[in-house]
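# An overview of the molecular structure
Single-letter residue listing:
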Amino acid sequence: MCLTSLKPIAEQVRSPRSLYLAWPFGHPLGEPGNLAQQLTVLHAALYGLYIAEPGEILAPGWRWRRESYTIPAGWEVSRDC
Amino acid sequence: MDQPESNKVWQRLQRATGQLFSQIPVLAQVWARGYQALRFDSIPFTPLTKPLPECRIALVTTGGIHRRDQPPFNMADARGDASYRRISTTTPDAELTVTHDYYNHDDVRRDFNILFPRELLHNLAQQGQIGSLSDCYSFMGHIEPPHRTTLIQQTAPEVAVQLRQEQVDAVLLTPA
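Residues numbered from 1 in each chain as written. Chains lettered and ligands numbered in written order. Predicted model: local features only at pLDDT ≥ 70, side-chain atom pairs only at ≥ 80, totals over all residues. Heavy atoms only, no water.

In this section: the interface of chain B and chain A. Each partner contributes to the interface: chain B provides 53 residues, whereas chain A provides 48 residues. Between chain B and chain A the total buried area reaches about 4,100 Å² when both faces are included, carbon and sulfur atoms providing 62% of it. Of all residues in chain B, I43, F45 and I114 of chain B give up the largest surface area on contact with chain A, accounting jointly for 15% of the area buried on that side. At the surface where chain B touches chain A, the tally comes to zero salt bridges. One can count 19 residue pairs in polar contact (both at pLDDT 80 or more) joining chain B with chain A. Elements supplying a minimum of two residues to the side of chain B that touches chain A: α1 (5-23), α2 (25-34), α3 (106-110), α4 (118-126) and β7 (170-174) of chain B. When the residues that make up the side of chain B that touches chain A are grouped by side-chain class, the tally is 33 nonpolar, eleven polar and nine charged. (Contact = heavy atoms within 4.5 Å. Buried area = accessible area lost by both parts, 1.4 Å probe. Salt bridge = Lys/Arg side-chain N within 4 Å of Asp/Glu carboxyl O. Polar contact = N/O pair within 3.5 Å; in protein donor to acceptor, adjacent residues only side chain to side chain. Helix = DSSP H or I, 4+ residues; strand = E, 2+ residues; numbered from the N terminus. Nonpolar A, V, L, I, M, F, W, Y, C, P; charged D, E, K, R; others polar.)

Dropping the structure here:
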């Protein structure tokens, strides 16, 4: 699963599965310290492995900083630091 | 080897553009519409049949992450660097750094999980949400000819061989 912030490039490269979020460079999983956002993206990417068709670009459409996230059920992880 | 002055100017421009795209994402979207990326005729798709708690996952990034005791990526070459760094799944974030001048990584240094979620994947493996996490691999995603050929013919296949040897079921790729 390839996370991407640039859909036109993902459409050219055609990786097996992609998850597109139009977020700034350097932030494919979201903002620093936002564990719920990071886990939401991770959950979508990993479970997207099962639902994406060959070459499909999944696009959940989550906005940058104007979205409220909850930790996916069962994914309450502790942080090392 | 010293670069011609024109190459240095071009490199500075590319670095400035990458930093600008980090701050103003809409500019990156406009740029991407005109970018001629590599194109491939086929899609190497393998269905994933195991449940996630049984899958061995790998993390591959182009964010220029590496351990502090590993050689940094080459920023002196305007054409980039096609090499990679292997990073153990248990490497603490405090031992990591970033060498990649073509995007703003201030936030990554504050929290590596926004680009290199090694810690989160490691913890998910410990809790049984994924089967396991293999060693991670990191490239520096500014790679232009002739280094692109090195990437395609040498370094990326080397990583693919190692992923296969580690019996990885799926890979998460994160860009800068």
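Relative to each other, helix α2 (residues 35-51) of chain A and α4 of chain B sit at 70 degrees, their axes nearing to 11 Å. Classed by the angle they form, the pair α2 of chain A and α4 of chain B counts as roughly perpendicular. The handedness of the crossing between α2 of chain A and α4 of chain B comes out as right-handed. Along its contact with α2 of chain A, which presents L35, Q38, L39, L42 and L46 of chain A, the element α4 of chain B presents L120, L121 and L124 of chain B. Of the residues assigned to the contact of α2 of chain A with α4 of chain B, the class counts are seven nonpolar, one polar and no charged. (Axes fitted to C-alpha atoms, helices over the stretch in contact; angles between N-to-C directions. Parallel < 35°, antiparallel > 145°, perpendicular 65-115°, else oblique. Left-handed = near helix turned anticlockwise from the far one by under 90°.)

A few words on α2 of chain B. Every buried residue of α2 of chain B is accounted for by A28, Q29 and A32 of chain B. Along the long axis of α2 of chain B, the arc covered by the buried residues comes to 100 degrees, so they all point the same way. Of the exposed residues in α2 of chain B, those oriented more than 90 degrees away from the buried face are V26, R33 and G34 of chain B. Buried residues along α2 of chain B sit in contact with α1 (7-13) and β2 (17-20) of chain A together with α1 of chain B. (Buried < 20%, exposed > 50% of the residue type's maximum accessible area, 1.4 Å probe, protein only. Arc of directions from axis to C-beta.)

Let's shift gears to the pairing of β2 of chain A. Residue and element names in this part refer to chain A. Burial along β2 is two-sided: the face carrying R17 and L19 and the face carrying S18 and Y20 are both buried. By the bridge criterion, three bridges tie strand β1 (residues 2-4) to β2 in an arrangement that is parallel. The partner of C2 across the bridge, within β2, is S18. In terms of strand pairing, β2 meets strand β3 (residues 56-58) through three bridges, oriented parallel. When the bridges of β3 are listed, L19 appears paired with L58. Each parallel crossover has a hand, and the one from β2 via α2 to β3 is left-handed. (Pairing = 2+ DSSP bridges. Right-handed = clockwise from strand over helix to strand, strands pointing away.)

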